[in-house]
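What follows is each chain in one-letter form.
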Amino acid sequence: MVTIQKLVSTTTRQLPGLSLCVSVALVAVFLSAHYGAPVMLFALLLGMAFNFVAPTGKIMPGINFASGTLLRTGVALLGARITLTDIVALGPIPLAIVVFSLFSTIAIGVFISKMLGRNTAFGLLTGGAVGICGASAALALTSILPKGKDGISEQDTIFTVIAVTTFSTVAMVFYPAIISFWGIDDTTAGVFLGATIHDVAQVVGAGYSISQEAGDVSTIVKLFRVAMLVPVIAMISIFMFRGASPAGSATKQFPMFLLWFVLLAGANSMGWIPPSVGEWINQASKLALVTAIVGLGVKTSLKKLVNVGPIAMLIVVSETIWIALIAVLGLQFLV
């Protein structure tokens, strides 16, 4: 009885803020579908427009739920998009390119961040977002990286999401044009796009603008990068919290939402998730992540976001160039 009362009380407190986030997320989805801009960008901008309500206590429990629990739920549901068979079918060279470019991008991100006066956590956040899957990876990393002076801020997360979404959109437009002059076949083009563009949606857009084959290959390569969320976040969790006290550190060292990610990926690989159910899960994941972005946007002041500064932009630009160069070098084994 006490548990039910507590659940009702918690839900009641969260409802105003969560209703705001869901409503704004649905508007962002509508605008994206009708005007073609990335849904995450709409969600961020619309969420930030409601920053004036953030200080009010009544709205904050729901905002925090959206930007925390709902964020982790959306990442966990991404697992339903992964199949082991499709990944193995790529062959060893594309997989090696993805793995090396991913981990080297994170390493470069940490190196440049420290060299330019930012902390390790910021390098892990931006490097992971560029190397894995853009905004989704940024949100997943936000949930496990330390906060505060020696960690990341909400402004860091919002900046990273805006940066990788913007660069993904630019790459979606320009990379196919570059490939047309490059003269590589559609399979190689798909590997390049899937290994270098940050967000899934932009990878799909760029790949299928070239051909059906390029689109299929780029999507599978990109989903392999999404699957790398599991080992990367597990390793970062252990690294960041290795000095933590035993009490409660196990949960921090392996975030439980990753376990659900793995279980869903395994179920999908075994064919246990019907296509119609898989599509429903994908849409639920998308809505959860968009709602989480709105929550982060509501909590973010544009004035504070500007304070992130040009150095942060330079770091993300450097990581983006690095991952593209590594992919180009690796693809010499395929051409």
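That block above? That's the structure.
Residues numbered from 1 in each chain as written. Predicted model: local features only at pLDDT ≥ 70, side-chain atom pairs only at ≥ 80, totals over all residues. Heavy atoms only, no water.

A. Layout of the overall build of the chain. Secondary structure assignment for the chain yields 18 helices and zero strands. The C-alpha radius of gyration computed for the chain amounts to 19 Å, which stays within 12% of the reference 20 Å derived for 335 residues, consistent with globular compactness. If one aligns the C-alpha atoms of the chain with their principal axes, the spans along those axes are about 65 × 50 × 45 Å. Split by element, the accessible area of the chain, about 15200 Å² in all, is 72% carbon and sulfur. With 17 positive and 11 negative side-chain charges, the chain shows a spacing of 20 Å between the two charge centroids. (Helix = DSSP H or I, 4+ residues; strand = E, 2+ residues; numbered from the N terminus. Rg over C-alpha atoms; globule rule 2.2 N^0.38 Å. Areas by Shrake-Rupley, 256 points an atom, 1.4 Å probe, with all protein chains shown as cover. Lys, Arg positive; Asp, Glu negative; His and termini not counted. Charge placed at Lys NZ, Arg CZ, Asp CG, Glu CD.)

B. Looking closely at the nonpolar core. Counting 98 residues, the largest nonpolar core has Ile82, Leu145, Val226, Leu229, Ile233 and Phe257 as its most contacted members. Discounting residues that sit within four places of it in the chain, Leu229 has contacts with Val75, Leu78, Ile132, Cys133, Ala137, Ala140, Leu258 and Phe261. One finds Leu77, Leu264, Ala267 and Ile273 within the second-largest nonpolar core, a separate group that totals six residues. (Core = buried A, V, L, I, M, F, W, Y, C linked by side-chain atoms within 4.5 Å. Buried < 20%, exposed > 50% of the residue type's maximum accessible area, 1.4 Å probe, protein only. Contact = heavy atoms within 4.5 Å.)

C. Fine view of the layout of surface pockets. Considering only enclosed or pocket space, the largest pocket measures out at about 590 Å³ in volume. In terms of lining, the largest pocket is formed by 25 residues, of which the most central are Val39, Arg81, Val200, Ala201 and Lys286. Going through the elements one at a time, helix H2 (39-49), helix H8 (135-142), helix H9 (154-182), helix H11 (200-210) and helix H16 (275-298) are the ones with two or more residues in the lining of the largest pocket. For the lining of the largest pocket, the element with the highest residue contribution is H16, accounting for six residues. Residues that form the lining of the largest pocket fall into these classes: 12 nonpolar, nine polar and four charged. (1 Å grid on protein atoms, 1.4 Å probe; cavity = no way out; pocket = protein on both sides within 12 Å on 5 of 7 lines; lining within 4 Å. Points joined across faces, edges and corners; volume = space filled by probe spheres on them. Nonpolar A, V, L, I, M, F, W, Y, C, P; charged D, E, K, R; others polar.)

D. Expanded view of the packing of helix H7 (residues 120-133) against H8. Running from amino to carboxyl end, H7 crosses H8 at an angle of 140°, the nearest separation of the two axes being 7 Å. In terms of their interaxial angle, H7 and H8 are classed as oblique. Seen along the crossing, H7 lies across H8 with a hand that is right-handed. Taken together, the residues of H8 that come into contact with H7 (itself represented by Leu124, Leu125, Gly128, Ala129, Ile132 and Cys133) are Ala135, Ser136, Ala137, Ala138, Leu141 and Thr142. Along the lines of polarity and charge, the residues of the contact of H7 with H8 split into nine nonpolar, three polar and no charged. (Axes fitted to C-alpha atoms, helices over the stretch in contact; angles between N-to-C directions. Parallel < 35°, antiparallel > 145°, perpendicular 65-115°, else oblique. Left-handed = near helix turned anticlockwise from the far one by under 90°.)

E. A look at a nonpolar patch on the surface. A cluster of nonpolar side chains, contributed by Val170, Val173, Phe174 and Ile178, occupies part of the molecular surface with about 370 Å² of accessible area. With respect to the helices, strands and loops of the structure, Ile178 is situated in helix H9. When its relative accessible area of 48% is taken as the criterion, Ile178 is described as partly exposed. (Patch = residues over 30% accessible without salt bridge, like charges linked within 9 Å, V, L, I, M, F, W, Y side chains within 5 Å. Salt bridge = Lys/Arg side-chain N within 4 Å of Asp/Glu carboxyl O.)

F. Structural context of the pattern of salt bridges. Evaluated as defined, the whole model comprises two salt bridges. The partner of Arg118 in a salt bridge is Asp156, with the nearest N and O atoms 3.1 Å apart. Placement of Arg118 in the loop between helix H6 (92-115) and H7 and of Asp156 in helix H9 is noted, with a sequence separation of 38 residues between them. Looking at Arg118, the relative accessible area reads 22%, which means it is partly exposed.

G. Structural context of the side chain of Ser168. Assignment of secondary structure puts Ser168 in helix H9. Residue Ser168 is classed as buried on the basis of its relative accessible area of 0%. Within the structure, Ser168 has its side chain in polar contact with the backbone nitrogen of His198 (distance 3.3 Å). One polar contact links the side chain of Ser168 to the main-chain amide nitrogen of Asp199, over a distance of 3.1 Å. Sequence-distant contacts of Ser168, that is, excluding residues within four places in its chain, are made with Ile197, His198, Asp199 and Gln202. (Polar contact = N/O pair within 3.5 Å; in protein donor to acceptor, adjacent residues only side chain to side chain.)

H. Summary view of the packing of aromatic side chains. Throughout the structure, instances matching the rule amount to four aromatic pairs. Within the aromatic cluster, the residues linked to one another by ring pairs are Tyr175, Trp182 and Phe192. The ring centre of Phe122 lies 4.0 Å from the NZ or CZ of Arg118, which sits over that ring. (Phe/Tyr/Trp six-rings, centres within 6.5 Å; stacked < 30°, edge-to-face > 60°. Lys NZ or Arg CZ within 6 Å of the ring centre and 35° of its normal.)

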